[in-house]
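Chain by chain, the residues run as shown.
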Amino acid sequence: MQKVCPCIIVVHSQGGNFGFTAALNAPDKVKALIAVEPSGAPDPAKADAAKLKGVPHLIVWGDFLDKVPVWSKLVVNPTKWGQAIAAAGGKVDTFELPKMGIKGNTHMMMMDRNSDDIARLVNDWIGKQGLAN
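Not measured: the values here are computed from a predicted model.

Novice: Would you mind showing me how to read the layout of surface pockets here?
Specialist: Over the atoms, a rolling probe the size of a water molecule traces out where space has been left empty. Taken as a whole, the largest pocket encloses approximately 150 Å³ of empty space. If you go around the largest pocket, the residues you meet are Val10, Ile34, Val36, Met109, Met110, Ser115, Ile118, Ala119 and Val122. Contributing elements (two or more residues each) for the lining of the largest pocket: strand S2 (30-36) and helix H4 (115-128). The biggest single contributor to the lining of the largest pocket is H4, with four residues.

Here it is, written out as structure tokens:
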């Protein structure tokens, strides 16, 4: 990050915790963080979410979270982390695709048939943060 940033961090699944932690360690280098179905996040009781109040976050969830028992547990920490950032005055948006009328997305949504639509939603979010060129 020290060499290539400032940047937008995009993480998926197990990369979630790494991305959140990287942002915590260098918030001045991160323009935004996008987490696609992150399986982990820092514990708000142990990490200072206020460090990231200037870093907009987007968390994207697809279908099947309630149908796969492990995901019912894994969604908890990223949700708590996002709430902690928001409570500290930060911006955290969550795209729950099924609630947005977008259905059929697996954990590997970048490989699903509607992946271009999901990418467009994320790109539009980046634009709304004032980060698009």
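Novice: Which parts of the structure should I look at to understand the packing of aromatic side chains?
Specialist: Aromatic ring pairs: the centre-centre distance and the angle between the two ring planes describe each pair. Per the stated rule, a full pass over the model turns up one aromatic pair. Measuring from ring centre to ring centre gives 6.2 Å for Trp61 and Trp71, while their planes differ by 75°; the resulting arrangement is edge-to-face. Placement of the pair is Trp61 in strand S3 (residues 57-61) and Trp71 in helix H2 (residues 69-74), with a sequence separation of 10 residues. Given the relative accessible area of 5%, Trp61 is considered buried. The class for Trp71 is buried, based on a relative accessible area of 11%.

Novice: I tried to follow the pairing of strand S1 (residues 7-12) on my own but got confused; where do I start?
Specialist: Each regular strand carries side chains that alternate between the two faces of the sheet. A one-sided burial pattern is seen for S1, the buried positions being Cys7, Ile9 and Val11 and the unburied ones Ile8, Val10 and His12. By the bridge criterion, six bridges tie S1 to S2 in an arrangement that is parallel. Bridge pairing links His12 to Val36 in S2. Crossover handedness for the path S1 to helix H1 (residues 15-25) to S2: right-handed.

Novice: I keep staring at the sheet that holds S1 and nothing clicks. Help me out?
Specialist: Across the sheet, which stays open at both edges, the four strands sit in the order S1-S2-S3-S4 with parallel pairing between neighbours. Across the chains shown, the open sheet's two edge strands, defined by having one partner strand only, are S1 and strand S4 (92-96). When the angles between neighbouring strand axes are averaged without regard to direction, this sheet yields 15°. Here S3 runs beside S4; their pairing, made up of five bridges, is parallel. Looking across to S4, one finds that His57 is bridged to Val92. Where H1 meets the sheet, its contacts fall on S1, S2 and S3, and the angle it forms with S1 comes to roughly 155°. On top of the sheet, H4 reaches S1, S2, S3 and S4; it is set at about 155° to S2, its chief contact.

Thresholds, definitions, all that
- Residues numbered from 1 in each chain as written.
- Predicted model: local features only at pLDDT ≥ 70, side-chain atom pairs only at ≥ 80, totals over all residues.
- Heavy atoms only, no water.
- 1 Å grid on protein atoms, 1.4 Å probe; cavity = no way out; pocket = protein on both sides within 12 Å on 5 of 7 lines; lining within 4 Å.
- Points joined across faces, edges and corners; volume = space filled by probe spheres on them.
- Helix = DSSP H or I, 4+ residues; strand = E, 2+ residues; numbered from the N terminus.
- Phe/Tyr/Trp six-rings, centres within 6.5 Å; stacked < 30°, edge-to-face > 60°.
- Buried < 20%, exposed > 50% of the residue type's maximum accessible area, 1.4 Å probe, protein only.
- Pairing = 2+ DSSP bridges.
- Right-handed = clockwise from strand over helix to strand, strands pointing away.
- Axes fitted to C-alpha atoms, helices over the stretch in contact; angles between N-to-C directions.
- Contact = heavy atoms within 4.5 Å.

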